[in-house]
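Architecture at a glance
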Number of protein chains: 4
Amino acid sequence: MFIETIKTDGLAHLSYVVGDGIVAAVIDPRRDVAIYQQIAQKNGVAITHVFETHRNEDLVTGSESLADRTGAVVLHGPTNEYQVPYAQTVREGERVQLGEASLTVLETPGHTLDSISIVLRHIETGDSPLCVFTGDALFINDVGRTDFYPDRADEVAGLLHDSLHHKLLPLGDQTIVYPAHGAGSVCGQKMANRDFSTIGYERRHSPRLSLARAEFIQAKIAEHHDYPPYFRKMEQINASIGPGPDRELRKPAPMSAEDFAGELENGLIAVDLRTAESFSGGHVPGSLALPVDMLTTFAGWLVPYKRRIGLIAAGPMQAERGARELARIGYDQVGGYLDDVITAWAVSGRSVGRVAAIEGPAFKQRHDGGPEFVLLDVRAKPEFDEGHLEDALHIYLGELPERLDELDPGSEIVTFCGSGQRALIAASVLKRAGFEKVTVNWGSMGACQSLGCRMAIC
Amino acid sequence: MFIETIKTDGLAHLSYVVGDGIVAAVIDPRRDVAIYQQIAQKNGVAITHVFETHRNEDLVTGSESLADRTGAVVLHGPTNEYQVPYAQTVREGERVQLGEASLTVLETPGHTLDSISIVLRHIETGDSPLCVFTGDALFINDVGRTDFYPDRADEVAGLLHDSLHHKLLPLGDQTIVYPAHGAGSVCGQKMANRDFSTIGYERRHSPRLSLARAEFIQAKIAEHHDYPPYFRKMEQINASIGPGPDRELRKPAPMSAEDFAGELENGLIAVDLRTAESFSGGHVPGSLALPVDMLTTFAGWLVPYKRRIGLIAAGPMQAERGARELARIGYDQVGGYLDDVITAWAVSGRSVGRVAAIEGPAFKQRHDGGPEFVLLDVRAKPEFDEGHLEDALHIYLGELPERLDELDPGSEIVTFCGSGQRALIAASVLKRAGFEKVTVNWGSMGACQSLGCRMAIC
Amino acid sequence: MFIETIKTDGLAHLSYVVGDGIVAAVIDPRRDVAIYQQIAQKNGVAITHVFETHRNEDLVTGSESLADRTGAVVLHGPTNEYQVPYAQTVREGERVQLGEASLTVLETPGHTLDSISIVLRHIETGDSPLCVFTGDALFINDVGRTDFYPDRADEVAGLLHDSLHHKLLPLGDQTIVYPAHGAGSVCGQKMANRDFSTIGYERRHSPRLSLARAEFIQAKIAEHHDYPPYFRKMEQINASIGPGPDRELRKPAPMSAEDFAGELENGLIAVDLRTAESFSGGHVPGSLALPVDMLTTFAGWLVPYKRRIGLIAAGPMQAERGARELARIGYDQVGGYLDDVITAWAVSGRSVGRVAAIEGPAFKQRHDGGPEFVLLDVRAKPEFDEGHLEDALHIYLGELPERLDELDPGSEIVTFCGSGQRALIAASVLKRAGFEKVTVNWGSMGACQSLGCRMAIC
Amino acid sequence: MFIETIKTDGLAHLSYVVGDGIVAAVIDPRRDVAIYQQIAQKNGVAITHVFETHRNEDLVTGSESLADRTGAVVLHGPTNEYQVPYAQTVREGERVQLGEASLTVLETPGHTLDSISIVLRHIETGDSPLCVFTGDALFINDVGRTDFYPDRADEVAGLLHDSLHHKLLPLGDQTIVYPAHGAGSVCGQKMANRDFSTIGYERRHSPRLSLARAEFIQAKIAEHHDYPPYFRKMEQINASIGPGPDRELRKPAPMSAEDFAGELENGLIAVDLRTAESFSGGHVPGSLALPVDMLTTFAGWLVPYKRRIGLIAAGPMQAERGARELARIGYDQVGGYLDDVITAWAVSGRSVGRVAAIEGPAFKQRHDGGPEFVLLDVRAKPEFDEGHLEDALHIYLGELPERLDELDPGSEIVTFCGSGQRALIAASVLKRAGFEKVTVNWGSMGACQSLGCRMAIC
């Protein structure tokens, strides 16, 4: 019997292959499914079942592709909201046998109404669960968000509480927990930065699990979660229209500076995958900075689905990674890429943009001197609420394009976040919108804490 | 019978595995020899012979390591200058049989006195050569440099002419040519950017091959070649002391900003492998910019052998590549690496350096306006001689550390090269030396040609 | 400028990616095209053109898939016979520019009427060809077969002679030759076992090139070539119906002994990919031995296209390789595989077949003693004609299923080939047909030559 | 925080890299340590500590090599028996901090006197263990063997009981268990075939954990464990002399049949790595069958340390794997390999051996008919005791070379095991010893159970 975890960075998505003998099931496959086939082959198993623990909001499911490639059946929890076209409905207690392993469905609604968990047992040990795949119901150190049904906020928070306390915790302390997301996912908030735990450990240490039902509901309702506009697109794809016919990702092709410039004039949106400091040092004017490590977190806020996309990358491997990560959240319109800015763009005599920067010590000095610039903090609201500088203006990076009118284009704006990376993305958004006096703060909150900048009193 | 070419970027070094049946020979192995063993294994052959076409000046040989790992014998051409400790001497006409292939030695001195070429024939076709491994005697579109014996300049240029015309060209037009270096190597000048040709093609098209003996000698003597200080170290290693016991490269370990800063104070030299625009956008003050693609070309000029080296890299893969490439030219003292500048250094509140930049159109405007700044062109002399801007001051990048006193630390200096990359390295050298008003020109000669900047009249 | 050779073992097929700058062309892609995309990506080029040197008989083309994935245009030589649905016709002298490289079409009919060769030149060297992609017109040490138009045998042999002497040889001795097949291909006979040569080398040493036109025609007509029945299928696919929509190969799934046995009863054909000695030591009764190294050579003779195929493999990697190689010649009906015979089949209590074997010395003794058994030599006719044992009966392995009635099921039959491998395949064919007294001769001709068996006098 | 499990098949050995931030520890490294460096690099961590949970009997430790390559400190539990030359002693309660993780030592003697377990906690959750590395104290579904101190059998069994009940179980049900071995290891008996569990799950289901102290001691003393002679060699290496200087494995080189035959005459021992049915179908006379999947299990019984080893392999990849696995248990004297038997040996006219075989149904018939042959069952004693055929003679495969005098060379012997694989190894041992009438039973116990052969009444 084996379990293999597939960790998809960017989305902080966790999917699993569990197998025994010559058969296996996949839990929550991502869109590019070749990896599951490779794992199956390496282990000498046939993939016969695909489970979806819930309808995903944050990524395009690979269930249909994987079923198409393997002949596996797709299983999805019960819901009245929609009918997943490629899946069969499974309900509480239904069981799939895989060699000496059994997978039993628990209905664990709350995060979504169709959420299920899947309990793995060994044939010989009767009732004792070995582990449980919890989807977005239970994470490591956190529980799923419950803000997807605003009209029924109390109800679904209560449902989640009951799922946790009447379904998952009763599995016993010895049960290993395999959730659908890890730290960094937008589907939770305070997930721990590791991917192993047990019911017993969570029961003792996960903050939300110690709350009584009423407190739990109250706490869940008080949480702030961002809802990136691309979630709507994912829901459509995953619940009804489907991701389209399975095919391997087309690799993006290199483009000349001339072609790239020509396409820019015809509406191409340029997405620069290079690091924050590269963009700051030199970039194609009008491009949007989305360093590849942050691509899937912010593309869904900042990149429209209808525009053709041109990537700017530090080499073909980075371009391919960008295209693959964009495809995972439904962006299929990547046309090609420009390989580097200095050697491919600047040498053609075209203009090169820069983003001014101020480093920690110099920033502290200016900030100590008083508010002669707009200090724009673009972190998520909970981060801002936990502690921020005096005189800081908060607009979440994801919402910045919609809230530009809150800023005066004539003022000097210093963008600010945890380290400077999101601040640089914000700077690129501002520059695209015509703001001219924009400076990124390298080090941002990290540096300020080391240096002792003036903090707002909460 | 198979030939596999191993291309080592950076050094533009070409080495070869040639095999038949169950045996093989390696021509000119680089220091990290695992790749030759992998190729041998893939092809099911035992490496029985290692040839050195000449004593390398530009890299540490892997012959001894490979012999140690495989039991192969190392063969080196005859010389009175030194005795290669790990090699046997081979002379004109000696032959090694590999299955149905034979490898015959031609003495082809000129580039070095011990230079040999190796002719591959098939057992059945008697005299007709299939191909020839030419070392640094004959390149694609160029011939080897002959400036290593300044007192005997005429003599060795003449030797090379004779090697080419009496040894190599007579092999016949049908002979495929496999040289030891490709475009970008410091061992030649005008090599073509491809790695396949024949004696016949070179005879017709290689500029130096159409010259009569006297003209050839004259032309070779008139050539300008840089002689990086690290060549001396390579000669020592390759001709006498040896590279030391064979072992796998130790991977560089990550370091915290605090440890890195502490070591910097204790004499660590910080080498930044990231792209030119990254360095420009934010760097560790005092660090030397050596973008990894240019590392082996310029490290031998700019990095002393005695100092402990700390790398600054965009992730562990780049750090490892940097350490590996440095080891190929004898730098074994890499201690560790700092992973990124913004997230690992700036967030600790430490100072972050920047290099100012001016892009093509803005530069043209300032340059057209007259010489209000020092325009420092750091390209190689032949590049400069082929065409440069009016008012440009030429100091080759490799020589810049020795010639800083030709520059006024109070002036504004704009560094300039082909695209901006070497210009950025030059800027980092100047900033380390205390120059403050340094600006890199993105696009440099490439942009100026597109935009029509004022050129000097030659 | 780069050329990368993709060698597809089994078919002994050679295809090429040639690129310069940021564009590339592919010559004669095989069906599973991901490798060309990987090479393009590694080199930072976009595939813009796909050339077919001729309509392939021996494999399914990947041109349409590759065009679908990259947007490249497919180019095919002129023919009146059919219209390749996914390709444009190119004619003598047409030229494609790839950066500084140019590719020029030569019409070189003979092997097929639509055969073209493609000449690579560098933009700066005018007329001098650097190399030529010769398709099936010129191989290393051989020329293409000319038996595909039996009614016009003289004419097409003459056409090939003219293509060679008036088109290819005039390119000059310095031209490197890149053919579409290497040693082991059914498309030629005496190809050398290496993949590099030049026009000059071939001109001097290739046996067929020294013949005058009339002799050449006579020699070509006298050649014996096998024509496996699957060629007809390849022609259909490549010239008219196409290989179907592009998709990644589905990996074969493991099957239990019970399922495998059940499917066998329902018409599955069991193809055993393991080594000859494995099959001899233990096999599933009724299975066909096709050791994976020989799979593509003999599947097209021995495996019908309409039957569902079950593989028997030494592990999942071998099963996948088998399925992939079968797909390259149009077998898409692989259902799954049985992983090993002893541990997966014998342990279930099912019958295990064996093939008796006789080794060299014992065989010699029996053979010396006189003809008390049928000695069945299954090598190709030219091999047999070159030398064979006294009393040997010759039936080519590919034709064996059609010629079983020439054998007496009651006699003892010893199968014989070059080493014992094809002999083992023949034994499996005989056993499937109900022959009971079948023995394979390990070592076969190889051993007999060492031991001095009685040879027939030719 | 991450944990990565490295599973070494053959030895069924589990080792771990656990890391947080930029540092990591390795638990129980195997001899070929490059994999730990790769994992460290991929995760951007420096390996600072290496733990040995106990002195290994079944493999050569990689601790010293890894320390040499990384500068890490090696930590080993306390013992009076010997001083591990490359390690520091750690005792109960000592703690290593790795970023936000802590690793605390528990002394858990019993399997060996120096056994320790290592408890992983998160800095924020105080006492709650996240997981524990249990070495050979606690396995999944089993506990460590306690037969290494025959004079103190009661005492050490008692020590293990106390380690389990007073040290490990008190960590709490929520604690994930990471042992040093999985199913198939000689270090335990009934390990489950999976590598994940928790203290809670083991507490409920592991058979040995439910026994009271006296019962536990009794049960442990009654256990039968094999003690392969190579254990003594491993103890020497790991406890005193060390594995020698760190270096990469030398890849085995191919040998011609002639060279192989010549070396055989000079004392080479030929080890055939191919499958059981390959060996049966054709082998080099005098060679020892050790199919590569069983190599590390039986080499230590059957291969002397002083002889030079020649491998017989199905290709270079298998040869390399064999050499690597042999090196893991201290065999460094692999000289080369013969690639295949039919194509490389039989074709040279040399003799080829065969092993006769009888399949399940035919065997049942003969066995039903009565004891007209010696039925030699070579399974481990516990397997034999659990159920065996009537008239079976039991000699464990590992002990066969020492007990040959219990067999009559004139009788017909049918070798028997679980599937036929170990039976084939036994047949090769018998044939090397001059037994002539040896037949392997394909399917063996597996087939007999399906077919209902006559079982002995226990």
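Note that the coordinates shown come from a computational prediction; the quantities given were computed from them, not determined experimentally. Residue positions are given per chain, counting from 1 as you read along its sequence in written order. Going through the entries in the order they are written, you letter the chains from A and number the ligands from 1. Local features in this predicted model are restricted to residues of pLDDT 70 or higher, and side-chain atom pairs are both shown and tallied only at a pLDDT of 80 or more, whereas totals for entire chains, interfaces and linings draw on every residue. Hydrogens and water are ignored here; the side-chain numbers use all heavy atoms of the structure.

1. Overview of the overall build of chain A
Numbering of helices and strands starts at the N terminus; helices are DSSP runs of H or I of at least 4 residues and strands are runs of E of at least 2. Scanning chain A for helices and strands turns up 14 helices and 22 strands. Summarising its shape, the C-alpha atoms of chain A cover approximately 70 × 50 × 35 Å along the three principal directions. Burial classes follow relative accessibility: with a 1.4 Å probe on protein chains only, a residue under 20% of its type's maximum area counts as buried, one over 50% as exposed, and anything between as partly exposed. Out of the 458 residues in chain A, the part that is buried amounts to 63%. Counted over contacts in chain A with a minimum sequence separation of 6, partners at least 24 positions apart contribute 68%. Throughout, a contact is declared for two residues whenever any of their heavy atoms are within 4.5 Å.

2. Comments concerning the relation of the copies chain B and chain A
Rotating chain B by 180° about the axis while translating it 0.0 Å along that axis superimposes it on chain A, leaving an RMSD of 0.0 Å. Such a combination of rotation and displacement between the chain copies is what one expects of a two-fold axis. Most of the interface of chain B is mirrored in chain A, where 100% of its interface residues are also at the interface. When the copies are superposed, the least-squares fit takes in the C-alpha atoms of residues with a pLDDT of at least 70 in both.

3. Observations regarding the pattern of salt bridges
Residue and element names in this part refer to chain A. Each reported salt bridge corresponds to a side-chain nitrogen of Lys or Arg within 4 Å of a carboxyl oxygen of Asp or Glu. Tallying each qualifying case throughout the model produces 132 salt bridges over all chains. Across the pair R232 and E235 runs a salt bridge whose closest N-O atoms are separated by 3.4 Å. A residue pair is termed a helical-turn pair when its members lie 3 or 4 positions apart in one helix, as R232 and E235 do in helix 6 (residues 230-241) at 3 residues. Exposure remark for E235: the relative accessible area of 13% places this residue in the buried category. Across the salt bridge formed by D385 and K381, the nearest N and O atoms sit 2.8 Å from each other. A residue pair is termed a helical-turn pair when its members lie 3 or 4 positions apart in one helix, as D385 and K381 do in helix 12 (residues 381-386) at 4 residues. The class for D385 is partly exposed, based on a relative accessible area of 43%. Beyond isolated ion pairs, a larger network of salt bridges with shared partners links R55, E57, R232 and E235.

4. Quick notes on the interface of chain B and chain C
If you look at the interface, chain B gives 24 residues, while chain C gives 24 residues. When two parts are put together, the accessible area they lose, computed with a 1.4 Å probe and summed over both, is reported as buried area. Here chain B packs against chain C, burying approximately 2000 Å² in sum over the two surfaces, 63% of which is carbon and sulfur. Of all residues in chain B, Q174(B), F196(B) and Y201(B) give up the largest surface area on contact with chain C, accounting jointly for 32% of the area buried on that side. Run the count over chain B and chain C and you get 0 salt bridges. A 3.5 Å cut-off defines polar contacts: any pair of N or O atoms within that distance qualifies, except that in protein one atom must be a possible hydrogen donor and the other a possible acceptor, and neighbouring residues in sequence count only when both atoms are side-chain atoms. Viewed at the interface, chain C and chain B are joined by 10 residue pairs in polar contact (both at pLDDT 80 or more). Listed by contribution, the elements that provide at least two residues to the side of chain B that touches chain C are strand 1 (2-8), strand 9 (116-122), strand 10 (129-135), strand 11 (176-179), strand 12 (197-198) and helix 4 (199-205) of chain B. Across the side of chain B that touches chain C, the residue classes tally to 11 nonpolar, 10 polar and 3 charged. Side-chain classes follow a simple rule in which Ala, Val, Leu, Ile, Met, Phe, Trp, Tyr, Cys and Pro form the nonpolar group, Asp, Glu, Lys and Arg form the charged group, and the remainder, Gly included, forms the polar group.

5. With respect to the sheet that holds strand 9 (residues 116-122) of chain D
All names here are of chain D. Strands sit in the order 7-8-9-10-13-14 across an open sheet of 6 strands; the sheet is mixed. Each having just a single partner strand, strand 7 (95-98) and strand 14 (197-198) make up the two edges of the open sheet. At least two bridges found by DSSP between two strands is the condition for calling them paired. Strand direction decides the pairing type here: strand 8 (residues 101-107) and strand 9, joined by 7 bridges, are antiparallel. Each bridged residue has a counterpart across the sheet, and for L106 the counterpart in strand 9 is S117. Axis definition: a line fitted to C-alpha atoms, over the contacting stretch in the case of helices. Angles run 0 to 180 degrees between N-to-C directions. Helix-sheet contacts for helix 3 (residues 153-168) involve strand 8, strand 9 and strand 10 (129-135), and the interaxial angle to strand 8 is about 145°.

6. Quick notes on the packing of aromatic side chains
For any pair of aromatic rings, the description consists of the separation of the ring centres together with the inter-plane angle of the planes. Two rings from Phe, Tyr or Trp (for Trp, the six-membered ring) form a pair when their centres are within 6.5 Å of each other. A pair whose planes differ by under 30 degrees is stacked, one over 60 is edge-to-face, and the rest are tilted. Enumeration according to the criterion identifies 52 aromatic pairs over all chains in this entry. Relative to Y227(D), the ring of F148(D) has its centre 6.1 Å away and its plane inclined at 75°; by these criteria the two rings are edge-to-face. Of this pair, F148(D) sits in the loop between strand 12 (142-143) and helix 3 while Y227(D) sits in the loop between helix 5 (213-222) and helix 6 (230-241), and the two are 79 residues apart along the sequence. In this structure F148(D) comes out as buried when scored by relative accessible area, which is 14%. Looking at Y227(D), the relative accessible area reads 27%, which means it is partly exposed. Through successive ring pairs, a cluster of aromatic residues spans F148(A), Y227(A), Y230(A) and F231(A). The aromatic ring of W345(A) is capped on one face by R350(A), whose charged end is 5.6 Å from the ring centroid. Here, a charge over a ring is recorded when the distance from Lys NZ or Arg CZ to the ring centre is within 6 Å and its angle to the ring normal is within 35 degrees.

7. A closer look at the sheet that holds strand 19 (residues 334-339) of chain D
All names here are of chain D. A sheet is described by the order of its strands in space; here 5 strands give the open sequence 15-19-18-16-17, paired in parallel fashion. If you trace the sheet from one side to the other, it starts and ends with strand 15 (253-254) and strand 17 (288-289), each paired once. Judged from the 4 bridges that link them, strand 16 (residues 269-272) and strand 18 (residues 309-313) form a sheet pairing that is parallel. Along strand 18, the bridge assignment pairs A270 with G310. Against the sheet, helix 10 (residues 316-328) touches strand 18 and strand 19, its axis set at about 140° to strand 18.

8. Things to note about the interface of chain B and chain A
Between chain B and chain A, the residue contacts involve 34 residues of the former and 34 residues of the latter. Between chain B and chain A, the buried area comes to about 2300 Å², and carbon and sulfur atoms account for 55% of it. Here chain B is connected to chain A by 2 salt bridges. Between E277(B) and R274(A) there is a salt bridge, with its nearest N and O atoms 2.7 Å apart. Across the contact surface, chain B and chain A share 19 residue pairs in polar contact (both at pLDDT 80 or more). Going through the elements one at a time, helix 8 (276-281), strand 18 (356-358) and helix 14 (444-451) of chain B are the ones with two or more residues in the side of chain B that touches chain A. Of the residues that constitute the side of chain B that touches chain A, the class distribution is 12 nonpolar, 16 polar and 6 charged.

9. Here's the deal with the pairing of strand 17 (residues 334-339) of chain A
Residue and element names in this part refer to chain A. In terms of strand pairing, strand 13 (residues 253-254) meets strand 17 through 2 bridges, oriented parallel. Bridging across to strand 17, P254 finds its partner in Y337. Note: strand 16 (residues 309-313) against strand 17, 5 bridges, orientation parallel. Paired with G310 across the two strands is G336, which belongs to strand 17. Handedness is read with the strands pointing away from the viewer; a crossover is right-handed when the path from the first strand over the helix to the second is clockwise. Tracing the backbone out of strand 16, into helix 10 (residues 316-328) and back to the parallel element strand 17 gives a crossover that is right-handed.

10. Quick word on helix 3 (residues 153-168) of chain C
All names here are of chain C. Over its 16 residues, helix 3 extends 21 Å from the first C-alpha to the last, a length consistent with the 22 Å expected when each residue adds 1.5 Å. Within helix 3 the residues assigned to the buried category are V156, A157, G158, L160, H161, S163, L164 and L168. Packed against the buried residues of helix 3 are strand 8 (101-107), strand 9 (116-122), strand 10 (129-135), helix 4 (199-205) and helix 5 (213-222). Take the number of residues in a helix, subtract one, and multiply by 1.5 Å to get its expected span.

11. Brief notes about the relation of the copies chain B and chain C
By a simple turn and slide, chain B fits onto chain C: the slide is 0.0 Å along the axis, the RMSD is 0.0 Å, and the turn is 180°. Both copies share a contact surface, since 100% of the interface residues of chain B are interface residues in chain C too.

12. Topic: the domain arrangement of chain A
All names here are of chain A. By the assigned domains, chain A splits into domain 1 (2-238), domain 2 (257-347) and domain 3 (356-451). Computed from C-alpha coordinates alone, the two centres of domain 1 and domain 3 are separated by 37 Å. The interface is formed by 4 residues belonging to domain 1 together with 6 residues belonging to domain 3. In this assembly, domain 1 packs against domain 3 so that about 340 Å² is buried in total across both faces, 56% of it on carbon and sulfur atoms. Sorting the residues of domain 1 by area buried against domain 3 places K190, H224 and D226 first, and these three jointly supply 88% of that buried surface. Summed over the shared surface of domain 1 and domain 3, the number is 1 salt bridge. For K190, the salt bridge goes to E386, with nearest N and O atoms at 3.3 Å. Segmentation of the chain into domains, including their bounds, is taken from an automatic or database domain assignment.

13. Observations regarding the environment of G370(A)
All names here are of chain A. Along the chain, the position of G370 falls in the loop between helix 11 (360-368) and strand 19 (374-377). By relative accessible area, which is 12% here, G370 ends up buried. Along the primary structure G370 and G322 are separated by 48 residues, whereas in three dimensions their C-alpha atoms are 41 Å apart.

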